[in-house]
Structures are given as C-alpha cells and as structure tokens.
Amino acid sequence: MKKFFTALLATTILFTCTYCAEPKNTYKSGKDKPNSRTYNPEDYVDESNGYTDFATELFKAYYKSGGDTLCPFTVYRTIAMLSFGAGDATKQEIIDLLGCSSEKLNEFSEFFKFQPKEAQVNFADSVWYNSERQVPYDDFVNSVKQGAEYKALKFNKSTQNKINDWVKKNTDGNIKDFINEPEIEDVRMFIVSTAAVEAKWRYPYAGSVSGPFCSESGKTTKVKMMTSVEKCFTLPGAKGIKKEYEGNLCFAAILPDGGLDSFVESLDAEKLKDALKTSSGDITAIIPKFKKESKANLTEVLKEAGFTLDGDFSRIAPDSGETFVSKAISAVSIENDEFGTKAFAASEITVKESAAMETITFNRPFLYLVYDTETLMPLFIGAVKEI
C-alpha cells in the first residue's frame, strides 16, 4: 500500500524534516535587509520566464475550477522542495513544469524571495517530517535545509497545532487553522511555504467615493472606488493599468473588453510579460477597494497543470518508494485600499504513506496581479468577480 505524503501550499508553506536550520537569506525584520538584490536578474531570465509560465497556467487551471485568488510562488516552493526527493523521471517532469533546473531551484527561489526593505515582503519555508518513518536520505535533507526550516517529530494532533502556529506567525495572524487533517499518523511529511506582503503605494490615494460594481452574475453593488492617474498598457482583448508600490513590486489590474472567463482562458504568459514591459501613456484609473480570502484544495488543479501526484519519490527515504502526494492546499488573504496592499498566503503538500484624458473604470469583473518589476514575475494573481 502506498504511504501518504502531505504538503501545504499557501502564502505560508511548510516543509517537514529531521533537523532544524535557519533559511538562507531570511531577514527577521526590514532593518537588516540590503537595499538591493545580491543576485543579478539577468542571470535568471530563463527561470523567470519558466516561473511565469507555471504561474499563469496554474492560475488558469485554478480559475477554471472556481477559484479566484492564488499565490503561485508558495505552490512553486512546495513542489521545488518535493523535487529533491524525486527519482530521475519524476524530477524531470517537475523541472519541465517549473521551468527551472534542479541545480538552480534553491538559488532562484532565494533570488525571488529577496525584496528591498521598503517592500515589506517576507517568505518562510519549512518541512515537517514524521520521525516514526525511516530517517530520510542525507541528500534530501541537505537540499531542503538550503532554503527551509527542517524539523522531525512524532506526528499527532499537537503536530497540526505546531504547524498551524508556524503558519499563523509567518502570515501575521491572517491565516489560521491551516491544516485540519482528522488523522496524520500515516502522513510522512508536510511541506509548507508562506508569503506575507504589506506593500505601500508609492503614491497613495487621496480617498475613496461610492460607486457601482457589477458582478459577473449581473448584480450591482455599491462599493468604495479610488481614482488616480496611472500608466496604461494593452493586451489582446483587454486594457490594464500599473500602480507602483515602494520597493520592487507593482500592482496591475486588467479589464477585459468582454467576459473575464474567456479572457482568463486565453491568457498567455509571454504576452502578459510583454504587456507589463510597455506603457501606452497615462490614463485616469478608477478601481474598487477590495478584500478577498480563499482556501482551496489544489490537488486536482495541480493535475490539470501537469503535476504527477503518484510520481517516483523514492529519494526521500529508504522506505519512500510507494509515497505519493495525497493533498495540496492553498490559502490566501489579500486587501487592497487607499494606502497599499496586504497579502498573505500559505501552501501545503501532504505526502501520506485629467478631463481630456481617457478613463478606465474597473466596475465589473477584472484580473489583477502583484508582480516584481525587475523580473515581471507575478507573486499574486487574482480575479475580482464580485465584491
């Protein structure tokens, strides 16, 4: 019988192992962060493109399943950690899916994790390993420890509390009760990754006024709308705006000419990155304040995106030959207002055994991103279908 392996995916992602190590390039506060990246973005062009492809296709599969808000990077991290225990064929499948070689997975993740102190962005990874299973291979443990906390302990109900406390702490209390498994004694490990973003607008809004928002169901609701002049860009069948945060991050909102469903279905990563590089001038942008929270099982979504749940994970430990991914979970909380954006996420995988100026008004369903301005890689992707 195959044993279960569980990993959690979210703005917070957990990893389970036998030892504990401080994640490399993890800064406890903004005060001790350098002012610029220690890596050159030009060294990671292929990896950045691969990640954006992965993020776009994952969101499309997630949206198709009924979801609307996702942090692809935390999902990416959990799968990357899992790849260190994969056999050759399964590892190659994961490399193709993530668009990054196994040699660069940790290095590239650390590059993307870094944001200057103004951005108020923090990531955390951990692996929690069931100490009643055979001791994992050193190669797996050492690879995981390069970028994640590593803990081994006996799995029981208190283990869930410890992991949930870790997630809660690393998402500033915004994601609670992340793991809720009735039985975890047969779980080999939890792989967890989290992200916490508190990004302030470079130029805050002066305030907000009431205005209508028409949801995809046709229902019109009174919401708070914010107005500013921003840079405009175009995509086939859509127009968007970009609004800068302090630091390396930027917010983009995209309003389709037609329905949001057909636009998301046709979304192309390369065309999206090309659009974010360009600007077609200034535009008056009217956008609603919104707050979204979601928690979803991504198991079927990952299958749709090309991830093999029952691959070869025999390099985790001597007795992990029949291990498979039984569940993948993602939770996101995001709030957008006059001052900036607060966004928190966690992911887990379980292994069980002016007047003349044009105006764009986002008063109907639209797509949004929080992305890195140097690499154009999306950290969060979401759809506002109703408020």
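Let me begin by describing the structure that accompanies this report. (Residues numbered from 1 in each chain as written. Predicted model: local features only at pLDDT ≥ 70, side-chain atom pairs only at ≥ 80, totals over all residues. Heavy atoms only, no water.)

### Examining the packing of aromatic side chains
Counted under the stated rule, the structure contains 16 aromatic pairs. Here the aromatic rings of F155 and F190 are separated by 5.6 Å at their centres, their planes lie at 35 degrees, and the arrangement is tilted. Of this pair, F155 sits in the loop between β4 (149-153) and α6 (157-170) while F190 is found in strand β5 (residues 187-200), placing the two residues 35 residues apart along the sequence. Take F155 and F190: they sit in the same class, and that class is buried. Between F251 and Y368 the ring centres are 6.1 Å apart and the planes differ by 20 degrees, which places this aromatic pair in the stacked class. Under the relative-accessibility criterion, Y368 is labelled buried at 1%. When the ring centre of W128 is taken as reference, the NZ or CZ atom of K151 above it lies at 5.5 Å. Above the ring of Y205, the side-chain terminus of K243 is found at 4.4 Å from the ring centroid. (Phe/Tyr/Trp six-rings, centres within 6.5 Å; stacked < 30°, edge-to-face > 60°. Helix = DSSP H or I, 4+ residues; strand = E, 2+ residues; numbered from the N terminus. Buried < 20%, exposed > 50% of the residue type's maximum accessible area, 1.4 Å probe, protein only. Lys NZ or Arg CZ within 6 Å of the ring centre and 35° of its normal.)

### Topic: a negative patch on the surface
Negative charge collects at one region of the surface, where E216, D261, E265 and E386 lie side by side. Looking at where E386 falls in the secondary structure, it is placed in the segment after β16 (378-384). (Patch = residues over 30% accessible without salt bridge, like charges linked within 9 Å, V, L, I, M, F, W, Y side chains within 5 Å. Areas by Shrake-Rupley, 256 points an atom, 1.4 Å probe, with all protein chains shown as cover. Salt bridge = Lys/Arg side-chain N within 4 Å of Asp/Glu carboxyl O. Lys, Arg positive; Asp, Glu negative; His and termini not counted. Charge placed at Lys NZ, Arg CZ, Asp CG, Glu CD.)

### What to know about the nonpolar core
A general feature of soluble globular proteins is that nonpolar side chains tend to end up buried together. One finds I79, F307, F366 and L367 to be the most contacted residues of the largest nonpolar core, which totals 105 residues. The element that contributes the greatest number of residues to this core is helix α1 (residues 45-64), accounting for eight residues. Those residues in contact with I79 that lie beyond four places of it in its chain are F54, I94, L97, L98, L302, F307 and I349. Counting residues in hydrophobic clusters, the runner-up holds 19 residues, among them L153, I184, V187 and A346. (Core = buried A, V, L, I, M, F, W, Y, C linked by side-chain atoms within 4.5 Å. Contact = heavy atoms within 4.5 Å.)

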